[in-house]
Structure formats: C-alpha cells, structure tokens
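Fold and contact review
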Amino acid sequence: MNRFSRIVGTGSALPGEPVSNDDLVERLAKLGVETSDEWIVTRTGIRQRHFAAPGVTSSQLGAEAARKALSAAGMEASEIDLIVVATSTPDHVFPSTACLVQKALDAPGGAAFDVHAVCTGFVYALASADAMIRAGIANRALVIGAEVFSRILDWKDRSTCVLFGDGAGAVVLAADTRPGVLAARLHADGRQGDVLCATGTISGGEVVGNPFLTMNGKAVFRLAVAVLDAVSRETVAAAGMTLEQVDWLIPHQANVRILDASAKRMGIPSERVVVTVDQHANTSAASVPLAFDRATRDGRIKSGQHVLLEGVGGGFTWGAALVRI
Ligand code: ACO
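Keep in mind it's a predicted model, so treat the numbers as computed, not measured. (Residues numbered from 1 in each chain as written. Predicted model: local features only at pLDDT ≥ 70, side-chain atom pairs only at ≥ 80, totals over all residues. Heavy atoms only, no water.)

Each assigned domain of the chain is listed here: domain 1 (4–178) and domain 2 (182–324). The straight-line distance from the C-alpha centre of domain 1 to that of domain 2 is 14 Å. On the side of domain 2, 43 residues touch domain 1, which itself brings 48 residues to the contact. Roughly 3500 Å² is buried in total at the junction of domain 1 and domain 2, and carbon and sulfur atoms are behind 66% of that figure. For domain 1, the biggest contributors to the area lost against domain 2 are Cys 119, Val 123 and Tyr 124; these three give 17% of the whole. Inspection of the region where domain 1 meets domain 2 yields zero salt bridges. Put simply, domain 1 and domain 2 have 21 residue pairs in polar contact (both at pLDDT 80 or more) between them. Within the residue set of the side of domain 1 that touches domain 2, elements represented by two or more residues are β1 (4–13), α2 (37–44), β3 (48–49), α3 (58–73), α5 (121–134), β6 (140–148), α6 (158–161) and β7 (166–176). In terms of residue class, the side of domain 1 that touches domain 2 is made up of 23 nonpolar, 17 polar and eight charged. (Domains from an automatic or database assignment. Contact = heavy atoms within 4.5 Å. Buried area = accessible area lost by both parts, 1.4 Å probe. Salt bridge = Lys/Arg side-chain N within 4 Å of Asp/Glu carboxyl O. Polar contact = N/O pair within 3.5 Å; in protein donor to acceptor, adjacent residues only side chain to side chain. Helix = DSSP H or I, 4+ residues; strand = E, 2+ residues; numbered from the N terminus. Nonpolar A, V, L, I, M, F, W, Y, C, P; charged D, E, K, R; others polar.)

Attention now moves to the pattern of salt bridges. This structure, assessed with the given rule, holds nine salt bridges. One salt bridge in this structure joins Asp 229 and Arg 233, with 3.0 Å as the shortest N-O distance. With Asp 229 and Arg 233 both in helix α7 (residues 217–238) and four residues apart, this pair spans about one turn of that helix. For Asp 229, a relative accessible area of 10% translates into the label buried. Accessibility expressed as a relative area gives 39% for Arg 233, which makes it partly exposed. Among the charged side chains, a salt-bridge network with shared partners connects Asp 229, Arg 233 and Arg 265. (Buried < 20%, exposed > 50% of the residue type's maximum accessible area, 1.4 Å probe, protein only.)

Below is the structure:
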C-alpha cells in the first residue's frame, strides 16, 4: 500500500499586541537609536510585529499553535507520535523545545526533537517528518516553527532590530494513502555561514562571544533571491510539475523586496504569493507556518490546490516543499 503524508490541520500563535513601526521608533529613540516608519516600510515592507513578554518562550508559543492545529485537524494530542520543532531560539540548551511542547500538551511517548536550520527550519522539519511518516516511523506528527527572535536582537543595531518578530505556526501531518507532500528539497552551504549568524556560546556558565544576531543584509538579499528560485524549480520538477501549476507560493517572510524579486524571477504573479511580513515581520522558522495558517483560515488555500513552501536563512540554508492540500 502506498504511504504518504498530508497536512490535515494548521494553527498559529502571536504573543501580545502588535507593535507598529511608530511604536518601535519611539522605543528605539529612548535607546538613542534613530529609525523611521518610512525607512522600515520602503526597505522591508514591515508595518508591525509581535514581541513576546519576558518569560514567554518558544515552547509556549509552539504549544499554543499546536493546540490550534490539533483542533483544526479534529485530533487529540494523545494521537500524536512525533513532534518536530524548528527553532533557533529554544527555551533551553536542553531539553529540546519539542520535548517541552510534548510536556505542555500532556502527550508523552512519541518522538520529539528540534531542528535547527534558522529561517529554513520549518521546511527542514516538514521534510523530516514527511520522510519519517513515509518510512513508517511515525503516523501523526506535529510540525512546528516557533521563535522568540526578539531575545537575540541587538537593540542598538538598527539595521537588524527592526526586521524581526516573535511567533509560532504549526501543522498536523498525518499518514495517508493519497500524497500530500509531493516533493521536498533541502540544501546548505556552510561556507556562507557568516552572512547571517549568532555566534555566541555558553561555556562555564557564561555567554561567550557575541550573543546577538549579525547580518550582511546585501549578501543575504542576493543569496536568497538566487537560491529560492533554484530550489523552487528543483522541487516542482521533482514532483513532475511546473511553477505555473503552483496555486500559492509561501516563501519565508524575510522582507517584501526579497519576496517580490524571487516571485518575479520565478514568473509567479504577486496575487499567488502569500505575504504576512507586513503584519508579523521576520519570525524566522515560524514565518512559513504562520503564513500558511493565515491563508488557510481566511479561505485562500483550498482543498486540492498546490502550495509551494520555501525557506532560506542562516547556515546558509535553503529548501522548498510542494504540498497538495
Ligand atoms: N532606519 C534608518 N536607517 C537605517 C536603518 C534603519 N532601521 N538601518 C540601516 N539604515 C541606514 C544605514 O545606516 C545606511 O545609512 P548610510 O547610507 O548613511 O550609511 C542606509 O540605511 C542604507 O543601509 P543599507 O544596509 O545599505 O540598506 P539596504 O538598502 O541594504 O537595506 C536591508 C537594508 C533592508 C537589511 C537590505 O539589505 C535587505 O533587504 N537585506 C535582506 C536581508 C533581510 O531581509 N534579512 C532578514 C533576515 S535574513 C532571512 O530571514 C533570510
């Protein structure tokens, strides 16, 4: 019997009230950092973001998104036998965020682990869970992207601190005889690690090195547009399809100019691109499942349609997955 995996429910979580660009401008001014709504909107398309209050963690946001995805799937947490959490801002060194989510859901027994591929994390996690389901290792998985990137931002560095937000998104992936995940392709180039990194470590009870994210924005821009185009074409070809057959493109929500440039290069019209970066900013591994949930709940994504999910980020990593709903 053929064995595939399908997405059967989605959910998301955003902490607190949205923080507008003007709110952020005011907060940063108090630190002596100058920026403007106009600069942020024209360079990035971002209008607002959410920040987790002190004490709110990736596992808490991930568990909230997971509960909503389970409810959408009509499933109980006890039916889940695999939890994969994509995050670069875990609650602890260990236990993993996935184990903390499992504990919060009171659903012990199945496998649980984190995937660390930064903004490509959700695509890596989805591809991993799909492979495990097809191999018969798991039957029903929660695949989650959850981040509190605000914790690793240098609020004195205006070229990065205006770009990111916190949040989580989740899907339930279930074994099925009909294909849902049609193809996935993952890549990395460790030689490009320094264009986007947070290199600090914990040693002897102290943070050693730079605890904040650093980025070469122009290099990220160039790399992102090129690799998203290549991996999208590779992934649809692996499924025996073409980009014209893709109903919705859900790219990692880094920056509206990267989204526009890569969709244009792929020949996908903007009406078929799901954009949430204006509302959520860049939530790293959470951005793709957050956008997926939004476009599912507002009725844009419909049964039978083809959705191409794309990720790109630190590592340098990139990947895509084509799914039939
Ligand atoms: N407010 C006001 N001015 C600013 C700000 C700010 N928040 N940040 C930078 N500037 C200033 C700079 O100081 C510089 O001033 P100067 O010319 O007087 O020196 C000027 O703006 C231009 O700075 P650049 O860095 O050259 O700005 P650029 O046009 O490259 O835009 C940006 C920066 C938006 C980061 C761009 O490089 C970009 O889109 N890169 C893609 C990277 C990205 O989106 N990363 C997200 C995370 S990575 C990921 O998720 C894959």
